[in-house]
Amino acid sequence: MINRLIEPTTGSIEIDGVDVTTMAAQALRRGIGYVIQQVGLFPHRSIATNIATVPKMLKWDKQRTHERVVEMTELVGLDPEMLDRYPDELSGGQQQRVGVARALAADPPVLLMDEPFGAVDPIVRGRLQDELLDLQNKVRKTIVLVTHDVDEALRVADRIALLNVGGVLEQYDAPDEIMRSPANQFVEQFVGEDRGLRRLGLNLVSSLPYHRGPVVPIDAPPDEGLKAAEQEGVAWVGVLDGDRFAGWASVDDVRAHDRLRDAPRTQPAAHVGPDNTLRTAMEQIMSSNTSVAVIDDGGAFAGVVTLEDIRAALSASPSSNGVQ
Amino acid sequence: MIAEARNPIIRWEWVVDEWDQIRAAITEHLTLTVLAMLLGIVVSAVLAAVALRFRWTMTPITATTSLIYTLPSVALFALLAPVFGNLALTTAVIPLAGYTLLILVTNTVAGFQAVPKSVRDAADGMGLTPTRRVLSVELPLAMPYIMTGVRIATVSTVGLVTVAAIIGQGGLGRLIFNGLSRAFWTPMTVGAGLSIILALTLDAILLGIAALVTPWTRRKAAT
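The structure displayed is predicted, hence computed values, not measured ones.

A word on the interface of chain A and chain B
Logical step 1: Residue-level contacts link 20 residues of chain A with 16 residues of chain B.
Logical step 2: Listed by contribution, the elements that provide at least two residues to the side of chain A that touches chain B are α1 (25-30), β3 (32-36) and α3 (53-57) of chain A.
Logical step 3: If you tally residues by element for the side of chain A that touches chain B, the top one is α1(A), at four residues.

See below:
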């Protein structure tokens, strides 16, 4: 309906503030990238000509078209050697990439994807989804992607419009918000019973309020370390050497030494970065059998994460910093 | 024995003596075939377009072209002779073209119907106008089917042209009738033989053209 292959009966669809029904259908479609499940490459045209379809209609000159074709080929990760081949000589995954390259060739602001990964096996699908996210980071388009796969939607979307049979809009929200507070039973059923766990995969460590923990500089007096541990109610203290985390020392060891520097330290077992998901953080904490993970922001100590922090974050208001 | 000796399958002196007549017959045969095919292609293109655009016309169009196809050619030539005149080219070309329609229309329609829906959807979705979609996407993709139809129709037309000899046309057919009427083998052999060679040659040429206009179909086989 957005590209008027189906005419809307009521309501309006606007692109950059222009109602699509007021535009000439062909001109509108040339400005919208279109990717469908069966790809629909033109079998009688080479890969290069397929990608150049819309630029050719827009009457780009040869040089510009060719440069764009090569650029698109690289963008979607295709070997430029394939440009002279025909679609039937490519694998399904390669054809889908060509489909995306073709859709993006004229640099449309909007990309429509109708179940683009519906016809591939789950492993390839996962890879294509990752590639789509990478691609989106590079091209920054408005992508409208239709899917029946709720995991796919949760994984790739910034916002999800959940439609029931008959096109009834049940909820329109960020993925994390849909799982945190499903609008109704339909939505709840749709996202599944383990939505609490799924949310772990959608939120980043950087979305947590950073919590410094019982951490003191290495040249601080031992008493300061003991005080920090006491405040947190734990029996250990983190030692910071400059902005690097130097290890954990037990309260008993700190007491036994005059200088904090001399107390024996153990290296932290669990590390996470700000770009890791809460799922990774939790996994780190669980598998290392500690109760805390150190946040390492490019070598510098940024804070600590505890299971309690993760639990608190998931029950708090919606995060503004989820995975896109 | 004597009769056989005087009337062999082919008498080469006759071929040499009558070479001008033979050459004229080949030219006429070729002319009739080409004109009939061109007319057939034009008419079948229109019929196929109508059948594809208005699906309900498919059945009557197939029925009509089938009916034409079943008409005995001898009778049809004889019937049309008084209408257009015995020696007029039209008299031969129209029935000959008529016989090509069933094959050409059927193959053309099948060719367009074989275009994958996803390809048409993609073409529309990218903003091709309907005319452009038909001419630059659907027609090329239907080409293998259309060319197969053209090849079959051409070979059958070359054979059918000989029948037009009953109205004083017919190219190589006249040689055959000439021989038949005199119980003289040589013109029949030459007429029939050249007719076969002509059919095979045209078929080979069309096969070459088909390969040239559908390069992607060859590449597929290579992989």
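Some details on the pairing of β3(A)
Residues and elements named next belong to chain A.
Logical step 1: Where burial is concerned, most of β3 is hidden: five out of the five residues are buried.
Logical step 2: Side chains of β3 alternate between two faces, with I32, Y34 and I36 and G33 and V35 buried alike.
Logical step 3: In the sheet, β3 pairs with strand β4 (residues 110-114) via five bridges, with the strands oriented parallel. Residue Y34 lies in a different strand from β4, and its bridge partner there is L112.

Focus on the sheet that holds strand β13 (residues 300-306) of chain A
Logical step 1: Pairing in this open sheet of three strands is mixed, and the strands run β11-β12-β13 (chain A) from one edge to the other. Here the strands that pair on one side only, and so sit at the sheet edges, are β11 (271-272) and β13 of chain A.

Let's talk about the confidence of the model for chain A
All names here are of chain A.
Logical step 1: Averaged over every residue, the pLDDT of chain A is 79; residues scoring 70 or more account for 96%.
Logical step 2: Averaged pLDDT values for the elements of chain A fall to 73 in helix α10 (residues 195-200) and rise to 89 in helix α2 (residues 47-51).
Logical step 3: Note that residues 317-324 has pLDDT below 50 and, in this model, 22 contacts with residues that lie over four places away or in other chains.

Thoughts on the domain arrangement of chain A
Logical step 1: Each domain of chain A was delimited in the assignment, giving domain 1 (14-200) and domain 2 (206-315).
Logical step 2: Taking only C-alpha atoms, the centre of domain 1 of chain A and the centre of domain 2 of chain A are 43 Å apart.

Some remarks on the sheet that holds strand β9 (residues 236-241) of chain A
Strands pair in a sheet through their backbones, by hydrogen bonds, and they do so in one of two ways: parallel or antiparallel.
Residue and element names in this part refer to chain A.
Logical step 1: Ordered by their spatial adjacency, three strands build an open sheet running β8-β9-β10, and the pairing between neighbours is mixed. Looking at strand neighbours, the two that pair on one side only are β8 (215-217) and β10 (244-250), the edges of this open sheet. Mean inter-strand twist for the sheet, computed between neighbouring axes without regard to direction, equals 35°.
Logical step 2: Sheet topology places β9 next to β10; six bridges connect them, and they run antiparallel. Residue pairing in the sheet places V237 in a bridge with A249 of β10.
Logical step 3: This element, helix α11 (residues 222-232), spans β8 and β9 of the sheet and lies at about 130° to β9.

What counts as what
Residues numbered from 1 in each chain as written. Chains lettered and ligands numbered in written order. Predicted model: local features only at pLDDT ≥ 70, side-chain atom pairs only at ≥ 80, totals over all residues. Contact = placed C-beta atoms within 7 Å. Helix = DSSP H or I, 4+ residues; strand = E, 2+ residues; numbered from the N terminus. Buried ≥ 20, exposed ≤ 12 C-beta atoms within 10 Å, placed from the backbone. Pairing = 2+ DSSP bridges. pLDDT = per-residue confidence, 0-100. Domains from an automatic or database assignment. Axes fitted to C-alpha atoms, helices over the stretch in contact; angles between N-to-C directions.

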